[in-house]
Amino acid sequence: MKRAISVPTLLALFLCAACVTINVYFPAAAAEKAADRIIDDVWDKDTPRPGGTVVPPQSSLPSRFLVAALDFVISPAHAAQPDIDISSPEVQRVKASLEARFSSLKPYFDSGAVGLTGDGLVAVRDPNAVPLAQRNAVKALVADENRDRLALYQQIANANGQPQWAGQIQSVFAQRWVAKAQPGWWYQDSSGWKQK
């Protein structure tokens, strides 16, 4: 004998399904913040300078009480903002490789021999700016950098359970690498090479 599902039961099931709907839209703002954190680390922008100690701000007791009260009233699941996880071992390994290579690449960014491309990679912009004896080494540096950058974009997407985001993450990084480039460095856009 079949039992009919009542309207209130159907309504309850619908509401439950609506509550557990998972948004898989690409969190562009969170991706931009994640890109900035990685770029700052790779380009060593947040290294503490000698003589300066950074003391993290401490929250006061009333503010901690307020946060706890808000967590009780609004569940953390509902209050959570979209975030991009960049803490996976794979992401950290690629980031460390980029950091280690930067000191070798920086002189070529500074001289204009190497520039930032519009797709989040790097390229030899002016081979004549590199002595002939060093050109193969610079090409190898650029190839290694691009391999790691592509791996970084894919590993971030994988770490967030959305491998299809790799292209969007690469686009975000392409903009942020240029935005954070040092004055005098070269970058490529739709109209060609430009100097920042």
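Everything here concerns the structure above.
Just so we're clear, the structure is a prediction, and the values are computed from it rather than from any experiment.

Colleague: Looking at this structure, I do not really get the pairing of strand 4 (residues 192-195). What am I missing?
Modeller: Moving residue by residue along a regular strand, the side chains alternate between the two faces of the sheet. Here strand 3 (residues 186-189) pairs with strand 4 via four bridges, running antiparallel. The residue bridging glutamine 188 from the neighbouring strand is tryptophan 193, located in strand 4. Here strand 3 folds back onto strand 4, and the loop between the two strands holds two residues.

Colleague: Looking at this structure, I do not really get the nonpolar core. What am I missing?
Modeller: Within soluble globular proteins, side chains that are nonpolar tend to cluster in buried spots. Of all hydrophobic cores here, the largest spans 41 residues; its most connected members are Trp43, Leu116, Leu152, Ile156 and Phe173. Of all the secondary-structure elements, those providing two or more residues to this core are helix 2 (28-42), helix 5 (89-111), strand 1 (114-116), helix 6 (135-159) and helix 7 (166-179). With sequence-adjacent residues up to four places away left out, tryptophan 43 is seen in contact with Phe102, Leu116, Arg149, Trp177, Lys180, Ala181 and Trp185.

Colleague: Just to check I follow, could you spell out the packing of helix 2 against helix 5 for this structure?
Modeller: When two helices pack together, you describe them by how their axes are tilted relative to each other and by the distance separating the axes. Between helix 2 and helix 5, whose axes approach to 8 Å, the crossing angle comes to 40°. In this view, helix 2 runs oblique relative to helix 5, as classed from their interaxial angle. Every residue of helix 5 that contacts helix 2 at Ile38, Asp41 and Val42 is listed here: Val91, Lys95, Leu98, Glu99 and Phe102. Its residues assigned to classes, the contact of helix 2 with helix 5 comprises five nonpolar, no polar and three charged.

Colleague: Would you mind showing me how to read the environment of glutamine 195 here?
Modeller: Along the polypeptide, glutamine 195 turns up in strand 4. Judged by relative accessible area, which is 47%, glutamine 195 ranks as partly exposed. Spatially, the C-alpha atom of glutamine 195 lies 7.8 Å from that of proline 183, the residues being twelve residues apart in sequence. Not counting the four nearest positions on each side in its chain, glutamine 195 is found in contact with Gly184, Trp185, Trp186 and Tyr187. Only 2.9 Å separates the side chain of glutamine 195 from the backbone oxygen of glycine 184, close enough to count as a polar contact.

Colleague: Please explain empty space enclosed by the protein as it appears in this structure.
Modeller: Rolling a probe over the atoms, with the probe sized like a water molecule, indicates the empty space that remains. Counted under the stated rule, the structure contains one cavity of 30 Å³ or more. There is about 40 Å³ of room inside the largest cavity. Around the largest cavity, the lining residues are Val124, Pro127, Val130, Arg135, Val138 and Lys139. With three residues, helix 6 is the single largest residue contributor to the lining of the largest cavity. Partitioning the lining of the largest cavity into residue classes produces four nonpolar, no polar and two charged.

Rules used throughout
Residues numbered from 1 in each chain as written. Predicted model: local features only at pLDDT ≥ 70, side-chain atom pairs only at ≥ 80, totals over all residues. Heavy atoms only, no water. Pairing = 2+ DSSP bridges. Helix = DSSP H or I, 4+ residues; strand = E, 2+ residues; numbered from the N terminus. Core = buried A, V, L, I, M, F, W, Y, C linked by side-chain atoms within 4.5 Å. Buried < 20%, exposed > 50% of the residue type's maximum accessible area, 1.4 Å probe, protein only. Contact = heavy atoms within 4.5 Å. Axes fitted to C-alpha atoms, helices over the stretch in contact; angles between N-to-C directions. Parallel < 35°, antiparallel > 145°, perpendicular 65-115°, else oblique. Nonpolar A, V, L, I, M, F, W, Y, C, P; charged D, E, K, R; others polar. Polar contact = N/O pair within 3.5 Å; in protein donor to acceptor, adjacent residues only side chain to side chain. 1 Å grid on protein atoms, 1.4 Å probe; cavity = no way out; pocket = protein on both sides within 12 Å on 5 of 7 lines; lining within 4 Å. Points joined across faces, edges and corners; volume = space filled by probe spheres on them.

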